[in-house]
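Structure at a glance
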Amino acid sequence: MPLRVRLTLWYGTALAIVLMVFSVLLYAMTARNLRDAVDQSLEETATAAVRSLEERGFLPLINEEELLSQFPELTRIDKFFQIFSPSGTISIRSPNIKQHEVPLSRTALDTAFAGQSIFESAKYPNEPPLRLISMPIMYRGNLLYIVQVGTSMESVGETLHRFMILLVVAIPIALTVSLAGGWFLAGRALRPVDKITLAAQRIAAGDLSQRLSMPAAHDEIGRLAATFNNMIGRLDASFSQIRQFSSDASHELRTPLTVMKGETDLVLRRPRPVEDYKSVLESNLEEIDRMSRIVDELLFLSRADMGEVTLESFPVGMESLVEDVHRRAAQLGQDRNIEVVLGTVMPAVVQGDDLRLRELLLNLVENAMKYSHQGGKVEISLLNDGREARLSVSDHGIGIAPADHKRIFQRFFRTDVARAHTKKGTGLGLAICAWIADLHKGRIEVKSDLGQGSTFTVVLPLAHSAA
Ligand SMILES: Nc1ncnc2c1ncn2[C@@H]1O[C@H](COP(=O)(O)OP(=O)(O)O)[C@@H](O)[C@H]1O
Ligand SMILES: [Mg+2]
């Protein structure tokens, strides 16, 4: 059942119940109040009659005309009176009782003997019901007379009947109007949900550029729409990132394959001296090395993405790590005529994974050497400011334009200058470095400009301050 129908039904049922209960209570209270008013006026009349009889010294013979002239209200059409003797027989009665006798009931007589007044209702066929009060007149503890005043309940009955009709007509009308209003409002409130559904269907059909155009209301629907847009935005971004990544990856792998295929084709075209084959195979080996590096690093990154690479967490003495890497790099540098030196090295202990931190530093030093000019100089230093360890690698090489400082950490991104400088490189090293620094709650800062050399600084929290 659609939500709109359900909401309207719930609302209608609740309203119907409330209206019913309300009308029943209202009707009951009105009926009671009307009867109380009748009772009160009966009692006032009876009391006045009794007092007047007492003032006249309970003359046993009361003349009808006398009584009527004394109490003009008794002649009014809606009230009649009777006076009974203690035996229950009528001594006198007003002329407006015409149709039939209204005898004194047994209960009324008993109550009168007890000195109490009593209200009673009486009903005769084909006539409106009557309301009666029977009031005793006592003299020295003895019952002298019983005064009974009665009235027809016809007008009360009519009033109640009209009221009932009003309720019976008004309630369904009120209910219908409210249901229509509820239906309209529910439809209005739910319309944005339909819009969201339609947009979600279009998006599910593959159009991730779709967004919900919603007024920026801060209600439930507004928040839903905002959350939805946000989610689609993130999906869109990560899908296009994946697309970009796969196209970059295939491109990076295809280039060496094309080179290898071209060279191999060429050399196989006709018989050649052994030297030629050798040089093609050597060049192929270089490309194969590069490709297997790309594949290794890709594999590592995708395992890292899936959370499959775990880091150890031990205190790592950065000082000795720096010295180790420096030793290795200095050896590599000798072959390429690049000097790797140590700057200031302060002791610092970082909480983390020794092997990964070593890999991080080695990557940075390799970059520095790779993007240095012949005879260049690379400096490694380690500073400790009491809160953080600052591990820096600087070179005087080709440098990086400030616009590229962010992008070099993206997978496969290599600056044009770098591509021109050397074919070696995968564009994945800094992505791995950033991942390692991130997992150590650290960051990598870059200071560089084109042709000015570069300084990469890894900032890591010290072991005791790392939570
Ligand atoms: N020391 C450096 N000097 C100049 N450019 C650098 C340096 N380190 C990194 N880069 C730039 O950042 C890019 C990404 O580096 P990296 O991810 O390590 O890839 P790769 O070293 O395989 O080229 C490099 O291609 C280069 O353009
Ligand atoms: Mg690198």
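Computed from a predicted model, the values in this text were never measured in an experiment.

On a plain count of helices and strands, the protein chain comes out with ten helices and twelve strands. The C-alpha radius of gyration computed for the protein chain amounts to 53 Å, which surpasses the reference 23 Å derived for 467 residues by more than 25%, pointing to a less compact arrangement than a globule. Counting only C-alpha atoms, the protein chain reaches 160 × 55 × 35 Å along its principal axes. The proportion of buried residues among the 467 residues of the protein chain is 19%. In the protein chain, the share of contacts with a sequence separation of at least 24, taken over all contacts with a separation of at least 6, comes to 65%.

Attention shifts here to the nonpolar core. One finds M318, L360, L361, L364, V365 and C433 to be the most contacted residues of the largest nonpolar core, which totals 39 residues. Counting only elements with at least two residues in this core, the list comes to helix 7 (318-335), helix 8 (354-370), strand 9 (377-384), strand 10 (388-394), helix 10 (429-439) and strand 12 (454-461). Per element, the largest residue contribution to this core is seven residues, and it comes from helix 8. Contacts of L361, omitting those with residues within four sequence positions, involve L321, V322, V325 and L391. Counting residues in each nonpolar core, the second largest holds 18 residues, with A108, L109, I133 and Y145 among its members.

This part covers the site of ligand 1. Taken together, 20 residues lie around ligand 1, and R414, A418, G425, G429 and L430 are the ones closest in. When residues of the shell around ligand 1 are traced back to their parent elements, those giving at least two are helix 8 and helix 10. A per-element tally of the shell around ligand 1 places helix 10 first, with three residues. Classifying every residue of the shell around ligand 1 gives nine nonpolar, nine polar and two charged.

Right, let's get into the environment of L257. Considering the arrangement of structural elements, one finds L257 in helix 5 (residues 220-268). You can call L257 partly exposed: it has 13 C-beta atoms within 10 Å. Considering only alpha carbons, one finds L257 and M291, 34 residues apart in sequence, at a separation of 8.7 Å.

Another aspect to go through is the pairing of strand 9. Two strands pair when backbone bridges link them, and strand 7 (residues 339-345) and strand 9 are joined in this way by five bridges, in the parallel orientation. Bridge pairing links V340 to V378 in strand 9. Relative to strand 10, strand 9 is paired through six bridges, and the arrangement is antiparallel. Residue pairing across strands places I380 opposite V393, the latter belonging to strand 10. Between the end of strand 9 and the start of strand 10, which pair antiparallel, lie three residues, with G386 showing a positive phi angle near 90°.

Now for the domain arrangement of the protein chain. Domain annotation of the protein chain identifies domain 1 (3-158), domain 2 (239-305) and domain 3 (314-461). For domain 1 and domain 3, the distance between their C-alpha centroids amounts to 109 Å.

We now examine the sheet that holds strand 11 (residues 443-448). On the basis of which strands lie adjacent, the open sheet formed by five strands has the order 7-9-10-12-11 and mixed pairing. The two strands at the open ends of the sheet, each matched to only one other strand, are strand 7 and strand 11. Going across the sheet, the axis of each strand differs from the next one's by a mean of 15°, ignoring polarity.

This next bit is on the sheet that holds strand 1 (residues 79-84). Spatially, 2-1-5-4-3 is the arrangement adopted by the five strands of the open sheet, whose pairing is antiparallel. Looking at the sheet topology across the chains shown, the edges are occupied by strand 2 (90-93) and strand 3 (118-122). Strand-to-strand twist of the sheet, defined as the mean angle between neighbouring strand axes without regard to direction, takes the value 25°. By the bridge criterion, five bridges tie strand 3 to strand 4 (residues 130-139) in an arrangement that is antiparallel. Note that in strand 4 the partner of S121 across the bridge is R131. Set on the sheet, helix 1 (residues 3-55) makes contact with strand 1, strand 3, strand 4 and strand 5 (142-152); between it and strand 4 the angle comes to about 30°.

With that settled, consider the packing of helix 8 against helix 10. Interaxial distance between helix 8 and helix 10 falls to 9 Å at its minimum, and their mutual angle equals 145°. When the axes of helix 8 and helix 10 are compared, the crossing they make is left-handed. Contacts between helix 8 and helix 10 pair R356, E359, L360, N363, L364 and N367 from the former with G429, I432, C433, I436 and A437 from the latter.

Here the focus is the packing of helix 5 against helix 6 (residues 274-305). Axis separation between helix 5 and helix 6 bottoms out at 10 Å; the angle between their running directions is 165°. Accordingly, the angle class assigned to the pair helix 5 and helix 6 is roughly antiparallel. Crossing geometry of helix 5 relative to helix 6 is assigned as left-handed. Within the contact between the two elements, helix 5 uses A249, E252, L253, P256, V259, M260, E263, T264 and V267 and helix 6 uses D276, Y277, V280, S283, N284, E287, R290, M291, I294 and L298. Considering only residue class, the contact of helix 5 with helix 6 consists of eleven nonpolar, three polar and five charged.

Quick notes on the rules
Residues numbered from 1 in each chain as written. Chains lettered and ligands numbered in written order. Predicted model: local features only at pLDDT ≥ 70, side-chain atom pairs only at ≥ 80, totals over all residues. Helix = DSSP H or I, 4+ residues; strand = E, 2+ residues; numbered from the N terminus. Rg over C-alpha atoms; globule rule 2.2 N^0.38 Å. Buried ≥ 20, exposed ≤ 12 C-beta atoms within 10 Å, placed from the backbone. Contact = placed C-beta atoms within 7 Å. Core = buried A, V, L, I, M, F, W, Y, C linked by C-beta atoms within 7 Å. Near = placed C-beta within 6 Å. Nonpolar A, V, L, I, M, F, W, Y, C, P; charged D, E, K, R; others polar. Pairing = 2+ DSSP bridges. Domains from an automatic or database assignment. Axes fitted to C-alpha atoms, helices over the stretch in contact; angles between N-to-C directions. Left-handed = near helix turned anticlockwise from the far one by under 90°. Parallel < 35°, antiparallel > 145°, perpendicular 65-115°, else oblique.

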